[in-house]
Amino acid sequence: MQDLRLSWIDYARAGEWTEALIGLGIRVGLALLLFLVGRYVIAWLVKLIDRGLSRTDLDVTALQFLRKVATVVFTVVLVLAALQVVGVPMTSMIAVLGAAGLAIGLALKDSLSNIASGVMLVALKPFRVGDVVNINGEGGTVESISIFQTRLRGADNQTIVLPNSLVTSDSIINSTPDVRRRVELVIGIGYDDDIDEARRVIMEIIDADERVLAEPAADVVVYELAADAVKLGVRCHTGNDDWFAVKVHLNESIKKAFDAAGISIPYPQRDVHMYHHAADGGIIDPPRPVLPASSD
C-alpha cells in the first residue's frame with residue numbers, strides 16, 4: 001500500500017480508486033476515533049478547569065458561563081482537527097470559514113448580540129444564580145446564564161427562557177440582594193370610617209405576625225384622599241422567603257378584621273342620570289320606578 005500521507009484525491013487522479021477509497025476510509029475512521037476520544041478529553045479538561053476555577057472567588061454564575069464557553073471552544077478545535085485528519089486542507093478551510101463566518105455573522109447578528117450580552121451579564125453581575133428577579137415582566141429564580149440565553153424557574157415551576165440581549169436591554173428587578181424585603185399594601189377605607197381605628201386594627205395584625213421584622217418598624221400612613229376612598233399605605237419588612245406568604249396573609253387578615261370592626265372597604269361607584277328631551281326642546285324628568293305594593 002502506498003504512503004497514506006498522500007491525499008486520497010491524488011490517488012483518484014491517478015486512477016487508483018481502490019487505494020483512494022481505502023485511504024479515505026482509514027482517514028475517516030481515524031477522524032471518528034479522534035472525535036470520540038476528543039469528547040472524553042474535552043469533558044476531562046472542562047472538569048479540570050471547573051475544579052481550578054472553583055478555588056477562586058468566582059461566583060456560580062461566572063463558573064457556569066466559563067464552563068460552557070470552554071466546552072464550545074474545545075469542540076470547535078476538535079472538529080477542525082478531525083477535518084484535517086480526513087484530509088481537508090486547513091488553508092482552504094480557514095478561507096471558507098472566514099467567508100462563512102462573515103455571512104453567518106450577518107445572518108446571526110442577534111445570536112452574536114446574545115453572546116455579547118451574556119459576557120456583560122457575567123462581568124457586571126446584575127444578578128446571580130439563585131437570585132429572584134423580574135425581567136421584561138417575567139419573574140422567577142435564576143437557574144443558569146448560558147452563552148445565548150438566561151433560564152429562570154417561575155413561581156409555578158415553569159421554565160422561562162430569555163435571550164441575553166433582551167435581558168440587558170430591559171429593566172432588571174433583583175429582589176435578592178438583601179435578606180429582607182418590604183411588603184407594601186394599599187387599602188382603601190370609607191370617608192366616614194375612623195383612620196386611627198383602621199390603623200390600630202392593621203397594626204395589631206402586623207404585631208401578631210412573627211414573620212414581620214421589628215426593624216425597620218412597620219407603619220400605616222395615608223397615601224391618598226382619592227375620589228372613592230381614603231387610601232392607606234401598609235408597610236412592613238420580612239425575609240425574602242416569607243414575602244409572598246406574609247403579603248397574602250395580611251390581605252386576608254385585614255379584610256376579616258375590618259369586617260369585624262365595621263370598617264368599610266369601598267369600591268368605585270358611579271351615578272348615571274338619564275334625561276328625555278321633549279318635542280319643544282325641554283327636558284322631561286325621567287319616570288320614577290313604581291315599586292310593587294307590599295302585601296300584608
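Heads up: these notes are all about the structure in this document. (Residues numbered from 1 in each chain as written. Predicted model: local features only at pLDDT ≥ 70, side-chain atom pairs only at ≥ 80, totals over all residues. Heavy atoms only, no water.)

1. Digging into the sheet that holds strand 6 (residues 180-189)
For sheets, the rule is that strands pair by backbone hydrogen bonds, running either parallel or antiparallel. The sheet built from three strands is open, its strands ordered 6-8-7 with antiparallel pairing. Both outer strands of the open sheet, strand 6 and strand 7 (219-225), are each paired with one neighbouring strand and no more. Looking at each pair of strands side by side, their axes are set apart by 25 degrees on average, direction ignored. Two elements, strand 7 and strand 8 (residues 230-239), share six bridges in a ladder whose sense is antiparallel. By the bridge assignment for strand 8, Glu224 is matched with Lys231. Against the sheet, helix 7 (residues 195-208) touches strand 6, strand 7 and strand 8, its axis set at about 15 degrees to strand 8. (Pairing = 2+ DSSP bridges. Helix = DSSP H or I, 4+ residues; strand = E, 2+ residues; numbered from the N terminus. Axes fitted to C-alpha atoms, helices over the stretch in contact; angles between N-to-C directions. Contact = heavy atoms within 4.5 Å.)

2. A few points about the side chain of Asn164
Along the chain, the position of Asn164 falls in helix 6 (residues 164-169). Residue classification places Asn164 among the buried positions, given a relative accessible area of 0%. Separated by 2.8 Å, the side chains of Asn164 and Thr150 make a polar contact. Leave out the neighbours within four places in its chain, and Asn164 touches Asn114, Ser117, Gly118, Leu121, Ile145, Ser146, Ile147, Phe148, Gln149 and Thr150. (Buried < 20%, exposed > 50% of the residue type's maximum accessible area, 1.4 Å probe, protein only. Polar contact = N/O pair within 3.5 Å; in protein donor to acceptor, adjacent residues only side chain to side chain.)

3. Let's talk about the pairing of strand 3 (residues 149-153)
Of the two faces of strand 3, only the one carrying Thr150 and Leu152 is buried; Gln149, Arg151 and Arg153 on the other face are not. In this structure, strand 3 lies alongside strand 4 (residues 159-163), joined through five bridges in antiparallel fashion. Residue Thr150 lies in a different strand from strand 4, and its bridge partner there is Leu162. Hairpin connection from strand 3 to strand 4: five residues lie between these consecutive antiparallel strands, with Asn157 at a positive phi of about 70 degrees.

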